[in-house]
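# Inside the fold
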Amino acid sequence: MHEEYVLEHCRPNCPKAARNWSSLVKRLESGLSQLGIGNALKRKFGVVQYHHLPKITVAGCPNGCSRPQIKDLGMIGFVEPGWDKGLCNGCQGCVAACLEEALAWDGKEILIDALRCLQCGDCLRVCPTGALSPGKTGWRLLQGGRVGRHPRFADVSGTATEDQEAEAWALSAITRYFQESLPGERLSFFLKRMHPAERTEERD
């Protein structure tokens, strides 16, 4: 935890990672240090408490070990599975590995249910032939999560394919917060109020 913000991330070398998170975390640390968050918080709240600090989590996969769904801003790594029928030997190891039951074997080929698939990469790691291989990868962006008196899961804000896109999204959200938020309004409540899917006036 930094004295001006909270930035959480996965443990190093996690075998479940769908995308490497370390470079994004470094970019965020550099960018956040240039925003003057500490002074902005003092101007906004006077005495700064822990719950005033912007809270950000970067998770390398949808398992969410670092709880991106309950932070002001969350980034979850994803990787879409690509399938090459010519390489598949029909072992169905991927079907057994998928916790979401998003893969099925119809006797001739693998079927992928896009609505069930979390794009976690578990199926890619068990494929012995390379029939399943990484496709599009990036970050799923979440905003407005929190715990406390009024807990809520974050809203999905979109996706970013590059680390710099995810960094720019997070820094822009925090910059807008200090420029446009209501007096005494915390970041999570500001993000929920500004989210186009849920416009409310709820405040803490």
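Note: the structure precedes this text.
Our subject in this report is the structure included herewith. (Residues numbered from 1 in each chain as written. Predicted model: local features only at pLDDT ≥ 70, side-chain atom pairs only at ≥ 80, totals over all residues. Heavy atoms only, no water.)

### Side note on the nonpolar core
Within soluble globular proteins, side chains that are nonpolar generally end up buried alongside one another. Counting 31 residues, the largest nonpolar core has Leu28, Leu32, Val58, Leu73, Met75 and Trp139 as the members making the most contacts within it. Elements with a minimum of two residues in this core: strand S1 (6-9), helix H1 (22-33), helix H2 (37-45), strand S2 (55-59), strand S3 (73-83), strand S6 (132-143), helix H5 (163-180) and helix H6 (187-194). In terms of residues, this core owes the most to one element, H5, which gives seven residues. Excluding residues within four positions of it along the chain, Leu73 makes contact with Lys55, Ile56, Thr57, Leu142, Gln143, Trp169, Ala170, Ala173, Ile174 and Leu191. (Core = buried A, V, L, I, M, F, W, Y, C linked by side-chain atoms within 4.5 Å. Buried < 20%, exposed > 50% of the residue type's maximum accessible area, 1.4 Å probe, protein only. Helix = DSSP H or I, 4+ residues; strand = E, 2+ residues; numbered from the N terminus. Contact = heavy atoms within 4.5 Å.)

### Section: H5
The terminal C-alpha atoms of H5 lie 26 Å apart, and with 18 residues this matches the ideal 26 Å at 1.5 Å per residue to within 8%. Taken together, the buried positions of H5 are Asp163, Ala166, Glu167, Trp169, Ala170, Leu171, Ala173, Ile174 and Tyr177. (Expected span 1.5 Å × (residues − 1).)

### As for the packing of H2 against H5
Where H2 contacts H5, the axes come no closer than 11 Å and their chain directions differ by 30°. On the basis of their axis angle, the class for H2 and H5 is roughly parallel. You can see that H2 and H5 cross each other, and the crossing is left-handed. In contact with Ile37, Ala40, Leu41, Lys44 and Phe45 of H2, H5 contributes Ile174, Tyr177 and Phe178. A breakdown of the residues in the contact of H2 with H5 according to their chemical character gives seven nonpolar, no polar and one charged. (Axes fitted to C-alpha atoms, helices over the stretch in contact; angles between N-to-C directions. Parallel < 35°, antiparallel > 145°, perpendicular 65-115°, else oblique. Left-handed = near helix turned anticlockwise from the far one by under 90°. Nonpolar A, V, L, I, M, F, W, Y, C, P; charged D, E, K, R; others polar.)

### Here's the deal with the packing of aromatic side chains
Under the criterion given, the structure shown has two aromatic pairs. Geometrically, the ring pair formed by Tyr177 and Phe178 is tilted, given 4.9 Å between the ring centres and 55° between the ring planes. A relative accessible area of 26% places Phe178 in the partly exposed class. Residues Tyr177 and Phe190 carry aromatic rings whose centres are separated by 5.7 Å and whose planes lie at 55° to one another, so their mutual orientation is tilted. Remark: Phe190 occurs in helix H6 and Tyr177 occurs in helix H5; sequence separation between them is 13 residues. Feature note: the residues Tyr177, Phe178 and Phe190 constitute an aromatic cluster, connected by ring pairs. A cation over a ring is seen here: Lys55 above Tyr50, with NZ or CZ 4.6 Å from the ring centre. Sitting over the face of the ring of Phe189, Arg146 holds its NZ or CZ atom 3.7 Å from the ring centroid. (Phe/Tyr/Trp six-rings, centres within 6.5 Å; stacked < 30°, edge-to-face > 60°. Lys NZ or Arg CZ within 6 Å of the ring centre and 35° of its normal.)

Remember, this is a structural readout, not a statement about activity or role.
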